[in-house]
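Below are the chains, spelled out letter by letter.
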Amino acid sequence: MTTIDGKAIAVRHERIDDAAAGQRIDNYLLRIAKGVPKSHVYRILRSGEVRVNGRRVQQTYRLVEGDEVRIPPLRVAEPTRARPAPAGQPLPVVYEDDALLVIDKPSGKAVHGGSGVSYGVIEQLRAQRPELKMLELAHRLDRETSGLLIVAKKRSALTALHDMLREGKVEKRYLTLVPGRWANPLQHVKAPLHKYLTAEGERRVRVSEEGKAAHSVMRLVRRWRAFSLLEVELKTGRTHQIRVHLAHLGFPLCGDDKYGDFALNKQLEGEGLKRMFLHAAQLSFMHPISGEMLAFASPLPPDLKAFVEHLDAAEKGHKHG
C-alpha cells in the first residue's frame, strides 16, 4: 500500500455499471481520477498497471457493463476546493424517463461551466439530482438561446443520441427574428463554416470554403414592414450555424452581439429586446432506447413574445397613422 501525505492509497477495483458502459477506458480514468495529470493516466495504461477483467487493454478499449477495472494507486494533486454549483431554481423539464430528459432552457444560462462561467445547466442539474449517476449534455445551445435541450441519463442513450445528431436524425427547429423583408417562403442555405479565434482569443465562425459542410433550411413565418420571423431547421449542427448563415445572407439575427448589426441592436434594446432573438422551438427524434418517436415544442418565452407583440402594435400604428 502506498501512502501520500500520510494517507493510505490502495489499489481500487471498480465494477462498470450501465452509466459508464460504452466509455473509452482513458476517458473513464480521466473522469474518476480528477486532479491526476493526463500524462500519468496514459502512462499507467501503457505500462499495463490498469487491468480490465485481469487483462491489459489499449487506451481505446470501450468498457462493457460488468467489466472489473483494476486501478493502481494514483497520486492526486490536492484539489482546490471548487464551490459546488448551487441547485438554484428547478429547470423546466418537458420530458423525462430513465434514459434521458428534455429541458426548456432559459436564456442567459450557459449549458456548462467554463469561459468565465463557473457553472451552467448541466452542473445545476447534477446539484438538483444527486441521486442520478450520470447526466451529460447530448448537444449544446448558446448561452443567449432559449429552448429545448436534451440531457442523457445513460451512457448508451448518450452514444446513440450523438450518432443520431451526427447523422441528422434529430430534427431541430428554431425561431429567430431578422431585420429586413425576407422574400422566400422556403430557402435552403448550404455554406461551409470555418471556426477561428479572434486576436482577443474569442471563438468565431465564418463562411469559408475550408470550413465544414453546413445546411440550414429557412422558412418564412411572418413578416412586418422592417422585420421577418423565420423558422430555421438545422440539417447539420455546426457552432453558431444559424447566426453565421443568416448574417452571411445580409439578415443578421436581432440582438446578436457577435455577428449582428450593433447599431440596430442598441435601438432594439431601447424597444424592449434585451437579448438575441433565437429560440429552440421544436425537437423530434426516435427514442435512443425504445425507438418510439418523440416530438416536443416550446412556445416563444415571454420576453420574445412581448417583442413580437410590440412589432404588431407598431405595424398597426403605422397603418392607421
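Conventions and cut-offs
- Numbers given for residues are sequential positions, taken from 1 along each chain in its written order.
- Totals for whole chains, interfaces and linings use every residue, but because this is a predicted model, local features are given only for residues with pLDDT of at least 70 and side-chain atom pairs only at 80 or more, for both listing and counting.
- In computing side-chain values, all of the structure's heavy atoms are included and hydrogens and water are not.
- pLDDT gives the predictor's per-residue confidence on a scale running from 0 to 100.
- A helix here means a DSSP run of H or I that spans at least four residues, while a strand means a run of E at least two residues long, and both kinds are numbered starting from the N terminus.
- Should any heavy atoms of two residues lie within 4.5 Å, those residues are counted as being in contact.
- Here, nonpolar core means buried Ala, Val, Leu, Ile, Met, Phe, Trp, Tyr and Cys residues that are tied together by side-chain atoms lying within 4.5 Å of each other.
- Here the term buried applies to any residue with accessible area under 20% of the maximum for its type, exposed to any over 50%, and partly exposed to those in between, with areas from a 1.4 Å probe on protein chains only.
- In protein, a polar contact means a hydrogen-donor-capable atom and an acceptor-capable atom, both N or O and within 3.5 Å, with residues adjacent in sequence counting only if both atoms are side-chain atoms; elsewhere, any N or O pair within 3.5 Å suffices.
- Pairs of strands are assigned from DSSP output, requiring at least two bridges between the strands.
- A pairing counts as a salt bridge when a side-chain nitrogen of Lys or Arg comes within 4 Å of a carboxyl oxygen of Asp or Glu.
- Only C-alpha atoms enter the line fits that serve as axes; for helices the fit covers just the stretch in contact. Angles between N-to-C directions range over 0 to 180 degrees.
- Orientation labels follow simple angle bins: below 35 degrees gives roughly parallel, above 145 gives roughly antiparallel, 65 to 115 gives roughly perpendicular, and whatever is left gives oblique.
- What makes a crossing left-handed is the near helix being turned counterclockwise from the far one by less than a right angle; a clockwise turn instead makes it right-handed.

Describing the confidence of the model for the chain
Regions with low pLDDT should not have their predicted coordinates read in detail.
Moving on, step 1. On average, residues of the chain score 88 in pLDDT, and 91% of them are at 70 or above.
Moving on, step 2. Here strand S1 (residues 2-4) stands out as the least confident element of the chain, with mean pLDDT 41; strand S11 (residues 186-190) is the most confident, with 98.
Moving on, step 3. Contacts of residues 1-8 to residues separated by more than four positions or lying in other chains number 13 contacts, the stretch itself having pLDDT below 50.

Examining the nonpolar core
Moving on, step 1. Judged by nonpolar contacts, the single largest core of 27 residues is most densely connected at Leu-125, Leu-149, Val-151, Tyr-174, Ile-242 and Leu-246.
Moving on, step 2. Secondary structure elements with two or more residues in this core: strand S7 (100-105), helix H3 (121-128), strand S9 (146-152), strand S10 (171-179), strand S15 (227-234), helix H5 (241-248) and strand S16 (278-286).
Moving on, step 3. Once you skip the residues sitting within four places of it in the chain, Leu-125 turns out to touch Leu-91, Leu-101, Leu-135 and Val-151.
Moving on, step 4. In terms of nonpolar packing, the next biggest core, distinct from the first, is built from 19 residues, Leu-29, Ile-44, Val-57 and Leu-63 among them.

A few points about the environment of Lys-235
Moving on, step 1. On the secondary structure map, Lys-235 appears in the loop between S15 and H5.
Moving on, step 2. Judged by its relative accessible area of 40%, Lys-235 is partly exposed.
Moving on, step 3. Apart from the residues lying within four places of it in its own chain, the contact partners of Lys-235 are Gly-168, His-215 and Val-217.
Moving on, step 4. One polar contact links Lys-235 to Glu-233, side chain to side chain, over a distance of 3.0 Å.

A word on the sheet that holds strand S3 (residues 12-15)
Moving on, step 1. Taken in spatial order, the three strands of this open sheet run S3-S5-S4, and their pairing is antiparallel. Single-partner strands in this sheet number two, and they are S3 and strand S4 (51-52).
Moving on, step 2. One ladder, built from four bridges, connects S3 with strand S5 (residues 68-71); its direction is antiparallel. Each residue of the ladder has a partner; that of His-13, found in S5, is Arg-70.

Structural notes on H5
Moving on, step 1. Burial analysis of H5 places six of its eight residues in the buried class, which makes it a mostly covered element.
Moving on, step 2. Taken together, the buried positions of H5 are occupied by Gln-241, Ile-242, Arg-243, Val-244, His-245 and Leu-246.
Moving on, step 3. Following H5 by one or two positions, Gly-250 has its phi on the positive side, about 90°.

Examining the environment of Glu-144
Moving on, step 1. For Glu-144, the location among the structural elements is in the loop between strand S8 (136-137) and S9.
Moving on, step 2. Classification of Glu-144 by relative accessible area gives partly exposed; the value is 26%.
Moving on, step 3. Separated by 132 residues in the primary sequence, Glu-144 and Met-276 place their C-alpha atoms 6.3 Å from one another.
Moving on, step 4. Residue contacts for Glu-144: discarding those within four places in its chain leaves Ser-107, Gly-108, Arg-275 and Met-276.

Observations concerning the pattern of salt bridges
Moving on, step 1. For the coordinates displayed, the defined rule picks out 22 salt bridges.
Moving on, step 2. Measuring nitrogen to oxygen at the nearest pair gives 2.9 Å for the salt bridge that ties Arg-12 to Glu-14.
Moving on, step 3. Its relative accessible area of 24% is what places Glu-14 among the partly exposed residues.
Moving on, step 4. Overlapping salt bridges bring together Glu-171, Arg-173, Arg-219, Glu-231, Glu-233 and Lys-235 as one network.

Comments concerning the packing of helix H1 (residues 25-32) against helix H2 (residues 38-46)
Moving on, step 1. At a minimum axis separation of 10 Å, H1 and H2 run at an interaxial angle of 130°. Put simply, H1 runs oblique to H2. Where H1 crosses over H2, the handedness of that crossing is right-handed. Each of Ile-25, Asp-26, Leu-29 and Leu-30 in H1 lies in contact with H2, whose residues at this interface are Lys-38, Val-41, Tyr-42 and Leu-45.

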